[in-house]
Amino acid sequence: MNAGGGTGGSIGAVGGIGGAPGSAGAVSQTGGAGGGGGAATGDGVRACEQLTTTLCATGVQCVAGTNQASCQSQLRLELDCDLATGMDFSTCSRDAQAGTCSDLYPQGGLTVPDTCLAPITSTPLSDAQTKCYEFVDALCSHTLACAGLAASSPSDVQDCEDDVATSLQVGLPCLLATAVGPDYASCIAAIATLPCVTPGADGGGISMPAVPSPSPSPSCANALIFRP
């Protein structure tokens, strides 16, 4: 799961951690907490959902202002728990249950154990998430062309995709995409015809596409639907 669109398998921001729904630090992976705790059992969907319950319950104890219900809802969407059938979360769940605040929330943002990486990255993206990454690819290709950079520049492409697909402030949190709107195809077609803008500074030294507000094209306003 979640290896598309230049994210490299990382998980995006987790809502309900340390503030209002939709806000929080990025999720990364760290060493397993080790030992203790019962493993989640049953199919992958149920085990994935149990993992989010464990992580968010710990968040309530570790991060002031955590909203457990919002955290679980958003994290289940980001982990694609509905598509995790057959995934083995047993070791991941054991490490998560044994994790302390310093293990799982070292700086206030959720950091999952290394043992969670395999089942998480093996879970496929949803159709909405896939379409979001395709949208990001189209934006980045246009941005690179405007900057006079060849699409064969891997670092520039990766920097642009990472910035757009993971930032809640200036980009699109693709892991929070829930549905594809009726104007999606028109939006993708319109991107290639957008005028070039004055380059801005970002991690890759190229212009940053302005998404989602203002929308790059009127047809893009309802192209993708995200979790509130």
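Please refer to the structure higher up on the page.
Residues numbered from 1 in each chain as written. Predicted model: local features only at pLDDT ≥ 70, side-chain atom pairs only at ≥ 80, totals over all residues. Heavy atoms only, no water.

## Quick notes on unusual backbone geometry
For the record, the criterion: Under the scheme used here, helices are H or I runs from DSSP no shorter than 4 residues and strands are E runs no shorter than 2 residues, and both carry numbers assigned from the N terminus.
The phi torsion at Asp80 lies on the positive side, around 55°, for a residue other than glycine. Position of Asp80 relative to the elements: it lies in the loop between helix 2 (68–78) and helix 3 (90–98).

## Here we look at the state of the cysteines
The condition is simple: Working definition: a disulfide is two cysteine sulfur atoms within 2.5 Å of each other. Categorising residues by exposure relies on relative accessible area from a 1.4 Å probe, with only protein chains included: less than 20% of the type maximum marks a residue as buried, more than 50% marks it as exposed, and the intermediate range marks it as partly exposed.
Inspection of every chain in the model, using the stated rule, returns six disulfides. Disulfide pairing places Cys56 opposite Cys71 at an S-S distance of 2.0 Å. Where Cys56 bonds to Cys71 through sulfur, the torsion about that S-S bond is close to -75°, and the disulfide is left-handed. Here Cys56 is found in helix 1 (residues 44–62), whereas its partner Cys71 is found in helix 2, with 15 residues between them in sequence. With respect to class, Cys56 is no different from Cys71; both count as buried. Note on cysteine connectivity: Cys62 is disulfide-linked to Cys101, with sulfurs 2.0 Å apart. Torsion about the S-S bond of the Cys62 and Cys101 cystine: about -85°, corresponding to left-handed handedness. Taken together, the positions of Cys62 in helix 1 and Cys101 in helix 4 (residues 101–104) put the pair 39 residues apart, joining distant regions of the chain. Residue classification places Cys101 among the partly exposed residues on the basis of a relative accessible area of 34%.

## Description of the side chain of Arg227
Operational definition: For this count, His and the chain ends are skipped, Lys and Arg are scored as positive, and Asp and Glu as negative. Any carboxyl oxygen of Asp or Glu within 4 Å of a side-chain nitrogen of Lys or Arg constitutes a salt bridge here. Throughout this description, a polar contact denotes any pair of N or O atoms lying within 3.5 Å of each other; where both atoms belong to protein, one of them has to be capable of donating a hydrogen while the other can accept it, and for residues adjacent in sequence the pair is counted only when both atoms sit in side chains.
As for its position among the elements, Arg227 is in the segment after strand 5 (224–226). Within the buried core, Arg227 has no salt-bridge partner, and the shortest N-O distance to an opposite charge, that of Glu78, equals 7.8 Å. Within the structure, Arg227 has its side chain in polar contact with the side chain of Ser70 (distance 3.1 Å). Side-chain polar atoms of Arg227 contact the side chain of Gln74, separated by 2.8 Å.

## Observations regarding the packing of helix 6 (residues 127–146) against helix 8 (residues 184–191)
Two quantities define a packed helix pair, namely the angle between the helix axes and the distance between the axes. In plain terms, the rule: Every axis corresponds to a line fitted to the C-alpha atoms, with the helix fit spanning only the stretch in contact, and the corresponding angles, defined between N-to-C directions, vary from 0 to 180 degrees. Orientation labels follow simple angle bins: below 35 degrees gives roughly parallel, above 145 gives roughly antiparallel, 65 to 115 gives roughly perpendicular, and whatever is left gives oblique. In this scheme the handedness of a crossing depends on how the near helix is turned from the far one: anticlockwise by less than a right angle means left-handed, clockwise means right-handed. Residue contacts are defined here by distance: any two heavy atoms, one from each residue, within 4.5 Å place the two residues in contact. Asp, Glu, Lys and Arg are counted as charged, while Ala, Val, Leu, Ile, Met, Phe, Trp, Tyr, Cys and Pro are counted as nonpolar; the rest, among them Gly, fall into the polar class.
Viewed as axis vectors pointing N to C, helix 6 and helix 8 meet at an angle of 15°, and their least axial separation amounts to 9 Å. Taken together, the axis directions place helix 6 and helix 8 in an arrangement best described as roughly parallel. Crossing of helix 6 against helix 8: the hand is left-handed. From helix 6, Lys131, Glu134, Phe135, Ala138, Leu139 and His142 reach across to helix 8, where they touch Tyr184, Cys187, Ile188 and Ile191. Classifying every residue of the contact of helix 6 with helix 8 gives seven nonpolar, one polar and two charged.

## Notes on helix 8
This is how the line gets drawn: The reported arc concerns the directions from the helix axis to the C-beta atoms and nothing else.
Residues Tyr184, Cys187, Ala190 and Ile191 constitute the buried set of helix 8. Projection of helix 8 onto a plane perpendicular to its axis shows the buried side chains occupying an angular sector of 125°, all on one side. Within helix 8, the exposed residues directed more than 90 degrees away from the buried face are Ala185 and Ala189. Buried residues in helix 8 make contact with helix 6, strand 4 (177–180) and strand 5.

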